[in-house]
Number of protein chains: 2
Amino acid sequence: MADRNAKLQSASAYQRSTIRDVATKAGVSVTTASRALNGTGRMSEETRERVRAAAAELDYRPNSIARGLVQQRSFTLGLLTNDTYGRFTLPVAAGLSAAMADRGVSVFLSAGKYEPESLKLNLGAMEEKRVDGLVITGKRIDRGLPIDLPPLGMPVVYVYASAPEGAVSFVPDDINAAKDAVRHLAGLGRRKIAHITGPLDFKAAHLREAGWRAALAEAGLEPFGEAIFSAWTEAHGYDTAHALIEAGERPDAIFCGNDQIARGVIDAFALMGIRVPDDIAIVGFDNWEVFAKATRPPLTTVDMGLPGLGRSAGLALLDMIDGKPVEPGARETPCRLVVRQSCGAKTD
Amino acid sequence: MADRNAKLQSASAYQRSTIRDVATKAGVSVTTASRALNGTGRMSEETRERVRAAAAELDYRPNSIARGLVQQRSFTLGLLTNDTYGRFTLPVAAGLSAAMADRGVSVFLSAGKYEPESLKLNLGAMEEKRVDGLVITGKRIDRGLPIDLPPLGMPVVYVYASAPEGAVSFVPDDINAAKDAVRHLAGLGRRKIAHITGPLDFKAAHLREAGWRAALAEAGLEPFGEAIFSAWTEAHGYDTAHALIEAGERPDAIFCGNDQIARGVIDAFALMGIRVPDDIAIVGFDNWEVFAKATRPPLTTVDMGLPGLGRSAGLALLDMIDGKPVEPGARETPCRLVVRQSCGAKTD
DNA sequence: CTGAAAGCGCTTACAG
DNA sequence: CTGAAAGCGCTTACAG
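Residues numbered from 1 in each chain as written. Chains lettered and ligands numbered in written order. Predicted model: local features only at pLDDT ≥ 70, side-chain atom pairs only at ≥ 80, totals over all residues. Heavy atoms only, no water.

Looking at an unreviewed UniProt entry, chain A carries the name LacI family transcriptional regulator, with the source organism given as Martelella lutilitoris.

In structure tokens form, the structure reads like this:
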């Protein structure tokens, strides 16, 4: 039992085999072993196979620390985030780390407040670990780091955050996503489409509003009142839904700036006896499933494709690390409307 | 502009200074420079200071890859998770990585399904990166990895997951958390306390039910009916709330197995005109703030202290890495009741 | 086709 | 108190 614990707990008595061991066992030099394993150089297929077999038998794992030291690459990336909530970061991180794993690259998660002090600590750690590149994420597309990034000597990519001029960044295509959502409602015959969304100082709120206006114009419709900007919360949706109904003339559809607002709206309507989607259709934004699937009825909403964003960012970063030229600027990646029942589309 | 992009994008032309540069600048040997910077060895304070100044001037960052190679430690940890949702993982990861950052240790995030194939890929990556230890997380306390961990030669700690015998693990103290929640309700004068919770095959559901029973017994109360086990969803709470009311005699409080169930219950009551907490008090479990703060009224609920769990696990792992003995077994870490308004306590 | 040797940037006995 | 030298585990010119 003491033995078993020791085994489970520590590295003692466990000696990993090195490339020397492999070379010796295969009867070749370390040079040849290295080349055989990496598929470089030219050698007889027989030799290569013999080395591979020796490696397999010894359960050899190349030490990427040693390789990193000579190649001046660590095969690691840093992911910096201030979203401890996890709403945006985890999907991005999952997409990023899956795409990187296939390429032998691992991702450090560095989560903390974006305050100069903790940021300095975290950036310093990434520097000492000699990450090959950095992905900087945020909770909103119009905020970046509160400090100027010191010269890091490594490529950087921004995801769902604002980036300095000349940098490479990835953000969802909010405008077109909003257009698609509103087109969908118009296509279902809705004519009085209102918009309830987040705070005025969020760029995402403005982009989504612009998309709403553009799609209405396209369909020859007037906006149903002005967009109503406030917090990204259920309470905002709830209160605004009440106000809207009390004000008199009703919309026949509401495009909400996020799923939480949509949830508040739907809950308010349920209490008022207004039927969704029969009386008023609702579309949200985020496809935060724990909300979108739990509303009654389930919510039609925009999915921003966060894992894809992480993946694209990672691939671009890898290119930059390899010295390939990458066009600077913000890439707006497409979103996708997920049709459930709150919009009144027939789903069968 | 091309220059600026090159600077932002690549490492070319950026040469980091090494300990040799520092030594040369300070007029000492590399040996002395190393010792000065690490605070080891004995030397005049003046020399140490001179080396430090040289390092600062050169903006020297020790290369932890090189250090790792000689010390046979990478100062990294791996965090394995299958919770792509982020509900449990991100708080744990945040607590873990913050505690580790203070100690110069960085954390690899390895997220993916717990299927043998992808698990093998991810474990292999952690082995090649020579992480010093592994934190294995899950989405439920009674499920671990679907494969036997191969001998890794590194310490492992489990968090919010089931662990093999002899391993070190950390789970929330579900029983006592449930007891506290129910005691709180009893203390407020509630006498008919029902329990609606998750699936029968979740250990957490059983532990919370046991806590409910124990606290009732302690207070000399009978359980209000049997606990109602089903999905961890709003729909379950919603439907069960209806069924409960239609069945006749009402409870005066419901302890819910998670916040989503509580949310469903509260929503159903709102529609039925039953007042929370006046008619029936509600307590949840998870303190998932996006739910708990958005219910009307805001939800009293149990916080599992996930960041603390991550932190404790990391510290234990560090001890194991340092060869200190760590008692095997499951540590049940205390939870905390967050009192809001759904329980009817006066909060002022 | 194969190998001896140098070197990546550090730490740490060992010797003074 | 200080330093020359060896070595961590690899890769890669260089030479045959």
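Attention now goes to the sheet that holds strand β7 (residues 228–229) of chain B. Residues and elements named next belong to chain B. If you trace the 6 strands from one edge of the open sheet to the other, you get β7-β6-β8-β9-β10-β12, paired in mixed fashion. Looking at strand neighbours, the two that pair on one side only are β7 and β12 (336–338), the edges of this open sheet. Sitting on the sheet, helix α9 (residues 203–218) is in contact with β6 (193–197), β7, β8 (253–256) and β9 (281–285), with an inclination near 175 degrees to β6. (Pairing = 2+ DSSP bridges. Helix = DSSP H or I, 4+ residues; strand = E, 2+ residues; numbered from the N terminus. Contact = heavy atoms within 4.5 Å. Axes fitted to C-alpha atoms, helices over the stretch in contact; angles between N-to-C directions.)

Counting from both sides, the interface comprises 72 residues of chain A and, opposite them, 72 residues of chain B. When chain A packs against chain B, the two sides together hide about 6,400 Å² of surface, and 56% of this comes from carbon and sulfur. Here chain A and chain B share 10 salt bridges between them. One salt bridge connects B:Arg16 with A:Glu127, and the closest N-O pair in it is separated by 2.5 Å. Put simply, chain A and chain B have 22 residue pairs in polar contact (both at pLDDT 80 or more) between them. With 7 residues, helix α7 (residues 116–128) of chain A is the single largest residue contributor to the side of chain A that touches chain B. Classifying every residue of the side of chain A that touches chain B gives 39 nonpolar, 19 polar and 14 charged. (Buried area = accessible area lost by both parts, 1.4 Å probe. Salt bridge = Lys/Arg side-chain N within 4 Å of Asp/Glu carboxyl O. Polar contact = N/O pair within 3.5 Å; in protein donor to acceptor, adjacent residues only side chain to side chain. Nonpolar A, V, L, I, M, F, W, Y, C, P; charged D, E, K, R; others polar.)

Residue and element names in this part refer to chain B. Two numbers describe how helix α8 (residues 174–187) lies on α9: the axes approach to 7 Å, and their chain directions differ by 45 degrees. Between α8 and α9, the interaxial angle falls into the category oblique. By crossing handedness, the relation of α8 to α9 is classed as right-handed. Residues Asp174, Ile175, Ala178, Lys179, Val182 and Arg183 of α8 pack against Ala204, Leu207, Arg208, Ala210, Gly211, Trp212, Ala214, Ala215, Leu216 and Glu218 of α9. Class assignment for the residues of the contact of α8 with α9 results in 10 nonpolar, 1 polar and 5 charged. (Parallel < 35°, antiparallel > 145°, perpendicular 65-115°, else oblique. Left-handed = near helix turned anticlockwise from the far one by under 90°.)

Another aspect to go through is the protein's contact with DNA strand D. Residues in close proximity to DNA strand D total 26 residues, the closest being A:Ile19, A:Ser34, B:Thr31, B:Thr32 and B:Arg35. At a separation of 2.8 Å, a base oxygen of DNA strand D approaches a polar side-chain atom of B:Arg35. Note that a phosphate oxygen of DNA strand D is positioned 3.3 Å from one of the side-chain N or O atoms of B:Thr47. Secondary-structure elements contributing two or more residues to the surface near DNA strand D are α3 (30–38) and α5 (64–71) of chain A together with α3 (30–38) and α5 (64–71) of chain B. Ranked by the residues each element gives to the surface near DNA strand D, the list is headed by α3(A), at 5 residues. Across the surface near DNA strand D, the residue classes break down as 9 nonpolar, 12 polar and 5 charged. (Near = heavy atom within 4 Å.)

Attention shifts here to the relation of the copies chain A and chain B. Once chain A is rotated about the relating axis by 180 degrees and shifted along it by 0.0 Å, it coincides with chain B to within an RMSD of 0.0 Å. Considering both components of the superposition, the chain copies are consistent with a two-fold axis. Distance from the rotation axis, computed per C-alpha, reaches its smallest value in chain A at A:Phe108: 2.1 Å. Of all interface residues in chain A, 100% are interface residues in chain B too; the two copies therefore contact each other through one and the same surface. (Least-squares fit on C-alpha atoms with pLDDT ≥ 70 in both.)

We now examine the side chain of B:Thr47. All names here are of chain B. Tracing the chain through its elements places Thr47 in helix α4 (residues 45–57). Exposure remark for Thr47: the relative accessible area of 13% places this residue in the buried category. Residues contacting Thr47, with those up to four places away along its chain left out, are Val28 and Thr32. (Buried < 20%, exposed > 50% of the residue type's maximum accessible area, 1.4 Å probe, protein only.)

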